[in-house]
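This is what each chain is made of:
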Amino acid sequence: MIDTIHLSKTRKIAIYKPNTCPHCDKGIDPVIVGSIPFESFQQPFIYVCFKCPICEQVFFAKYYIPTYGFTYSYEENAIGYCELLGGHGLNKEFSKEINDISPDFVSLYNDAYKAEQHGLQTIVGISYRLAFEHLIKDYCIKTHSDKRDDVLKKSLSQCINDYLDTDIKDITKRAAWLGNDYAHYESKHPDMNVDDLKSVIDISASKIESKIKEANYIKNIEKK
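Rules and cut-offs
Residues numbered from 1 in each chain as written. Predicted model: local features only at pLDDT ≥ 70, side-chain atom pairs only at ≥ 80, totals over all residues. Heavy atoms only, no water. Pairing = 2+ DSSP bridges. Helix = DSSP H or I, 4+ residues; strand = E, 2+ residues; numbered from the N terminus. Axes fitted to C-alpha atoms, helices over the stretch in contact; angles between N-to-C directions. Polar contact = N/O pair within 3.5 Å; in protein donor to acceptor, adjacent residues only side chain to side chain. Contact = heavy atoms within 4.5 Å. Parallel < 35°, antiparallel > 145°, perpendicular 65-115°, else oblique. Nonpolar A, V, L, I, M, F, W, Y, C, P; charged D, E, K, R; others polar. Buried < 20%, exposed > 50% of the residue type's maximum accessible area, 1.4 Å probe, protein only.

Strand order across the open sheet formed by 4 strands is 3-4-5-6, with antiparallel pairing between neighbours. Bordering the open sheet on either side are strand 3 (31-40) and strand 6 (83-85), each of which pairs with just one other strand. Neighbour-to-neighbour, the strand axes of this sheet turn through a mean angle of 20°, independent of strand direction. Bridge analysis of strand 5 (residues 58-64) against strand 6 gives 3 bridges, and the strand direction is antiparallel. Its bridge partner lying in strand 6, Phe-60 is registered against Leu-85.

With that settled, consider the side chain of Lys-17. Locating Lys-17 in the fold gives a position in the loop between strand 2 (12-16) and strand 3. A polar contact is formed between the side chain of Lys-17 and the side chain of Asp-29, at a distance of 2.6 Å. Excluding anything up to four places from it in sequence, Lys-17 contacts Met-1, Asp-3, Asp-29, Pro-30, Ile-32, Phe-50 and Tyr-63.

Running from N to C, helix 2 (residues 103-117) and helix 3 (residues 121-143) cross one another at 170°; their axes reach a closest spacing of 8 Å. Judged by the inter-axis angle, helix 2 sits roughly antiparallel to helix 3. Together, Asp-104, Phe-105, Leu-108, Tyr-109, Ala-112, Tyr-113, Ala-115 and Glu-116 of helix 2 and Gln-121, Ile-123, Val-124, Ser-127, Tyr-128, Leu-130, Ala-131, Phe-132, His-134 and Leu-135 of helix 3 make up the contact between the two elements. Here the contact of helix 2 with helix 3 is built from residues that sort into 13 nonpolar, 3 polar and 2 charged.

This next bit is on unusual backbone geometry. In most cases, non-glycine residues show a negative phi, while peptide bonds are predominantly trans. The phi angle at Asp-25 is positive, at roughly 65°, despite the residue not being glycine. By the element assignment, Asp-25 lies in the loop between strand 2 and strand 3. For Glu-56, which is not glycine, the phi dihedral falls at a positive 65°. Note on Glu-56: relative accessible area 55%, which makes it exposed.

Right under this line is the structure:
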């Protein structure tokens, strides 16, 4: 959802509004209550105060104001917020299967997610990559319990190659490649960003969840 903030009579910017309330966790189109521009080390910012139309609580989002140009009226020029203030911070919900197999993944992923909400961009990518490694290794240990020590010694890529089924190997490799971009000096996929990394991690987690459910049903449903 995009709205316009007027910085003055002649200056305005288009912003992406948060689409979830950090207080009640509901999907919303928040109401803009007001805005406060300020400058820090010659970088202009603006805090926008929003009100949730469901729980009626207020929260703030922080936006960088570009130093080039003043008028933004099209979607491709809208600015996303760099920090969300107020509420408890949003959590990413995962299924029971994922929580059971890798609680460390869920915890680490949500630490990264909260860091992202607070604008700590330099640590977000590597944090998501660490969470993903826990998911893959925990799943490999679950499906190859006799190889636990070997799994712990191997790299993430080796675990994917040696212990994952073919049908999830391709997407998990991509998640590892994008995650490695945040662990190394040079990025091999400069056209991809953290949102892409989160997407391939989510797809990987969904496929792992499906395989766990499938295995459980095959085990527990017998022909009568």
